Amino acid sequence: MAQPIGVFTSKVIPIDKENVDTDQIVPARYLKVTNKDGLADALFRDWRFEEDGSLKDPPFILDQPGMAGRSILLVGDNFGAGSSREHAPWALTSWGVRAILSTGFADIFRSNSLKNGLLPIVVPAEVHAKLRDIIERDPDADLTVDLSEQGVLLPDGSTVDFDIDPFAKRMLLAGTDELGYLLSKGADIDAWEAAHPPRIETRASA
Amino acid sequence: MTEPRTIVDKIWDEHVVVQDPGAPAVLAVDLHLVHEVTSPQAFSGLRERGLTVRRPGQTVATADHSIPTTPRSLPMLDAQAAAQISQLERNCADFGIPLHGIGSPSQGIVHVIGPQLGLTQPGMTIVCGDSHTSTHGAFGALAFGIGTSEVEMVLATQTLLQRHPNTYEVRVDGRLAPGVSAKDIILALIARIGVGGGTGHVFEYRGEAIRALTMEQRMTICNMSIEGGARAGLIAPDDTTFEYVHGRPHAPAGPAWDAAVARWRQLPTDDGATFDKSITIDANALEPMITYGTNPGMGIPITSRVPSPSDETDPAARRALEHALSYMDLQPGQPILGQKVDVVFVGSCTNGRISDLRLAAAALKDRRVADGVMLMVTPGSDEVKREAEREGLADIFKAAGADWRESGCSMCIAMNGDQLSPGQYAVSTSNRNFEGRQGKGGRTFLASPLTAAASAVMGVVTDPRTLPGIESLAAVGGR
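The rules behind each value
Residues numbered from 1 in each chain as written. Chains lettered and ligands numbered in written order. Predicted model: local features only at pLDDT ≥ 70, side-chain atom pairs only at ≥ 80, totals over all residues. Helix = DSSP H or I, 4+ residues; strand = E, 2+ residues; numbered from the N terminus. Rg over C-alpha atoms; globule rule 2.2 N^0.38 Å. Buried ≥ 20, exposed ≤ 12 C-beta atoms within 10 Å, placed from the backbone. Contact = placed C-beta atoms within 7 Å. Nonpolar A, V, L, I, M, F, W, Y, C, P; charged D, E, K, R; others polar. Axes fitted to C-alpha atoms, helices over the stretch in contact; angles between N-to-C directions. Parallel < 35°, antiparallel > 145°, perpendicular 65-115°, else oblique. Left-handed = near helix turned anticlockwise from the far one by under 90°. Pairing = 2+ DSSP bridges. Core = buried A, V, L, I, M, F, W, Y, C linked by C-beta atoms within 7 Å. pLDDT = per-residue confidence, 0-100.

Scanning chain B for helices and strands turns up 17 helices and 19 strands. Here the C-alpha atoms of chain B give a radius of gyration of 22 Å, agreeing with the 23 Å that 2.2 N^0.38 yields for 479 residues. Taken along the three principal axes of its C-alpha coordinates, chain B extends 55 × 55 × 50 Å. Out of the 479 residues in chain B, the part that is buried amounts to 61%. Put simply, 78% of the contacts in chain B that link residues at least 6 apart link residues at least 24 apart.

If you want it as structure tokens, here you go:
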């Protein structure tokens, strides 16, 4: 179960690429794990490390001085495209990322993130450009994310509002998950199933 | 008089269990497909909470992603992959889920065996912890990939929480020319709308060219819906669909068959129903397509030249193109035809079915794979493998110098040791050309089985329409 998201402040890690796919976020060879631990080392693995495990020279942004401990990413459009691997948000959160700002996210990645206490924040293109500007001028600028107010506080004191699915917001604020909600619908599911006999029986010998 | 509805609406409406105000719908799932890579943490979650699998009879598992494609008699050398497989076996045994695992005659890529077993049927909701679940949309099912948290939810409740998706009409008019295939339709679509073009939508593929396709060709198209950003893509069922499903192991039989067909005939989108978005593609004008870059949207007709960053007006797109060409080590403006190839991969949930292998074999018959090229052919399932061997396709591949493998995801995702070396170029019938997807540093050109086979013979990227007898060759895949 994910930690509840409250208000938090962090400097920003900018990754100025569009269509970053989940194969880049966690390469497939790290998908042989059977738990969720230890994926921080797999995060952006092939952008960060050489074959022998040493850091790239120059290092990828994540490994540059002052980036450790930052919890907000600013990324290009359609972040998280491709594979449905939930290992992507697992790796991001285990590295310490709590919110990602972009003009858009791939559907499955966005859904997976919301289930892991990772907040995908969609902003319009002009706001995205403004944020990039702010970070370019002051790479150590602080942003404050306030989920309950649905706002990002900028260093100049202004706030950028963002939309979020109200149901997802409730779950994130409470740190509860959807499974608990679904389990509470047992009677409705029973009723639906009674009216809709299964179309198939996978255990039948074929 | 009811409001005209799309096929998506019809399937959706039937499967909404309950919807609280402000909340997503609780959507019932008819079929849940499970594989070794995205399920272990979900089963662990069930154990932690003391939950069971609600509907094991609507759940089915296979091992495909991390398994070797070397002979099954050999041990698995990758201890981590072997542990993942044995965990799947234990999870299926503990929770009562039927497993078509290694050594089973019905083992195969999850999106190949579902249709093959007749489990995939029109009007169903189908989910799997795999983004290419969209494949099953070819049958007029609402089928989409989910994450592991959702796998756990479906195991426990046979439902999941969903918002109603938007709909996107993809109309493909006209007729494909010989040598142009289903793969080229979907690559052309993605090249036009981009890899995020379908985000938030479900594609419905319609039109004369779609109707003319076989089920396996329809699966190729629906399979890559996700590469256009759409979580699902589907095609209304018709007689082609019913013929394919009829007589399969899990298909309805007897009076139940007639009742099912009557129900399925109600599924197609009503006249007058509206879509949130729409695009039209002219099949007559399509050429074989190939990708040159590092996402499936970076595709061109095979006779075209690699685009130049200097022609890109959008700075982000220009940077992306520069980066992609640098990774691919291609020159702006160079022809893609004639580009050298080191490896050719025929297989995957996109193009690893029997008709795909028939096409590749037809192009390779009485020919040899070019010197210095490795051709790997990986059947999509054990049944496809047996059929290919029965029809003599395997002999054609072997005589041509190809490597004939066991079934699995293999070099499409390169988790199992089947992979490119850094810098190698591959023409691949799979679905993703992302950086490192087919092996760290590997460079992928996505294309159809015909283009792949022609390129294997010539050792360079080759237009399959230049093969002698292309008319009869192309007909092998079925029309």
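Next comes the rest of the description.
Counting its secondary structure elements, chain A contains 8 helices and 7 strands. When its C-alpha atoms are laid out on the principal axes, chain A stretches across 60 × 45 × 25 Å. Within chain A, buried positions represent 43% of all 206 residues. Counting contacts in chain A only where the partners sit at least 6 residues apart, residues at least 24 apart contribute 67% of the total.

What follows covers the interface of chain B and chain A. Accessible area lost when the parts come together is the quantity often used to give the size of an interface. Tallying the contact residues gives 66 residues for chain B and 48 residues for chain A. Breaking the side of chain B that touches chain A down by element, the ones donating at least two residues are strand S1 (16–18), strand S2 (25–28), helix H2 (40–49), strand S4 (59–62), helix H3 (79–95), helix H5 (148–157), strand S8 (159–162) and helix H11 (315–328) of chain B. Residue contributions to the side of chain B that touches chain A peak at 6 residues, all from H5(B). Classifying every residue of the side of chain B that touches chain A gives 29 nonpolar, 28 polar and 9 charged.

Residue and element names in this part refer to chain B. One can describe the packing of helix H6 (residues 182–193) onto helix H8 (residues 215–223) by two numbers: an axis separation of 8 Å at closest approach and a directional angle of 20 degrees. One element, H6, and the other, H8, form an angle in the roughly parallel class. Where H6 crosses over H8, the handedness of that crossing is right-handed. Where H6 approaches H8, its residues Ala-182, Lys-183, Ile-185 and Ile-186 are matched on the opposing element by Gln-217, Thr-220 and Ile-221.

In this section: helix H3 (residues 87–95) of chain A. Summarising burial for H3(A): 7 of the 9 residues are buried, a large majority. Elements that come into contact with the buried residues of H3(A) comprise helix H1 (22–25) and helix H4 (107–114) of chain A.

To continue, consider the sheet that holds strand S9 (residues 166–173) of chain B. Residue and element names in this part refer to chain B. Pairing in this open sheet of 4 strands is parallel, and the strands run S11-S10-S9-S12 from one edge to the other. In this open sheet, the two strands that pair with only one neighbour each are strand S11 (232–234) and strand S12 (277–282). Averaged over all pairs of adjacent strands, the angle between their axes in this sheet comes to 20 degrees, without regard to strand direction. In terms of strand pairing, S9 meets strand S10 (residues 201–206) through 6 bridges, oriented parallel. For Thr-167, the partnering residue across the bridge sits in S10 and is Val-202. Taken strand by strand, H6 contacts S9 and S12, and its axis lies near 130 degrees from that of S12.

Turning our eyes to something else, we now look at helix H16 (residues 449–458) of chain B. Residue and element names in this part refer to chain B. Extensive coverage of H16 is indicated by the burial of 9 of its 10 residues. Among all positions in H16, only Pro-449, Leu-450, Thr-451, Ala-452, Ala-453, Ala-454, Ser-455, Ala-456 and Val-457 are buried. Looking one or two residues past H16, Gly-459 carries a phi angle of roughly 80 degrees, positive in sign.

Turning our eyes to something else, we now look at the nonpolar core. Counting 201 residues, the largest nonpolar core has Ile185(B), Val344(B), Ala360(B), Ala363(B), Phe397(B) and Ala453(B) as the members making the most contacts within it. Those residues within four positions of Phe397(B) in sequence are excluded, and the remaining contacts are Ala361(B), Leu364(B), Val377(B), Ala402(B) and Trp404(B).

A word on the environment of Leu131(A). Residues and elements named next belong to chain A. For Leu-131, the position within the fold is in helix H5 (residues 125–137). In this structure Leu-131 comes out as buried when scored by C-beta crowding, with 21 C-beta atoms within 10 Å. Leu-131 sits 19 residues away from Asn-112 along the chain, and the two C-alpha atoms are 25 Å apart. Setting aside residues up to four positions removed in sequence, Leu-131 forms contacts with Leu-74 and Leu-101.

Residues and elements named next belong to chain B. Neither face of strand S6 (residues 125–128) is open: one carries Thr-125 and Val-127, the other Ile-126 and Cys-128, and all of them are buried. When strand S3 (residues 31–35) meets S6, the two strands line up parallel, connected through 3 bridges. Residue pairing across strands places Leu-33 opposite Cys-128, the latter belonging to S6. Relative to strand S7 (residues 142–145), S6 runs parallel, the two being bridged by 4 bridges. Directly across from Cys-128, in S7, lies its bridge partner Gly-145.

This next bit is on the sheet that holds strand S7 (residues 159–161) of chain A. Residues and elements named next belong to chain A. With respect to topology, 7 strands assemble into an open sheet ordered S4-S3-S2-S1-S5-S6-S7, the strand pairing being mixed. Looking at which strands have only one partner, the edges of the open sheet turn out to be strand S4 (119–122) and S7. When the angles between neighbouring strand axes are averaged without regard to direction, this sheet yields 30 degrees.

Let us now look at the environment of Val476(B). Residues and elements named next belong to chain B. Positionally, Val-476 belongs in the segment after helix H17 (470–475). Judged by the 15 C-beta atoms lying within 10 Å of it, Val-476 falls in the partly exposed class. It is 31 Å that separates the C-alpha atoms of Val-476 and Val-306, two residues lying 170 residues apart in sequence. With sequence-adjacent residues up to four places away left out, Val-476 is seen in contact with Arg-358, Leu-359 and Ala-362.

Time to look at the confidence of the model for chain B. Chain-level statistics for chain B give a pLDDT mean of 97 and a share of 99% at 70 or above. On the interface metric, ipTM, the complex scores 0.97, and its pTM is 0.98.

All names here are of chain B. Running from N to C, H2 and H5 cross one another at 50 degrees; their axes reach a closest spacing of 8 Å. On the basis of the axis angle, H2 is oblique to H5. The handedness of the crossing between H2 and H5 comes out as right-handed. From H2, Gln-41, Ala-42, Gly-45 and Leu-46 reach across to H5, where they touch Thr-148, Val-151, Glu-152, Leu-155 and Ala-156. Of the residues that constitute the contact of H2 with H5, the class distribution is 5 nonpolar, 3 polar and 1 charged.

Time to look at the pairing of S2(B). All names here are of chain B. For S1 and S2, the ladder comprises 2 bridges, and the chain directions are antiparallel. Bridged to Val-16 within S2 is Leu-27. In sequence, S1 turns back onto S2 through a hairpin of 6 residues, with Gly-22 there showing a positive phi of about 80 degrees. Taken together, the 4 bridges between S2 and S8 define a ladder with antiparallel strand orientation. Looking at S8, one finds that Leu-27 is bridged to Leu-160.

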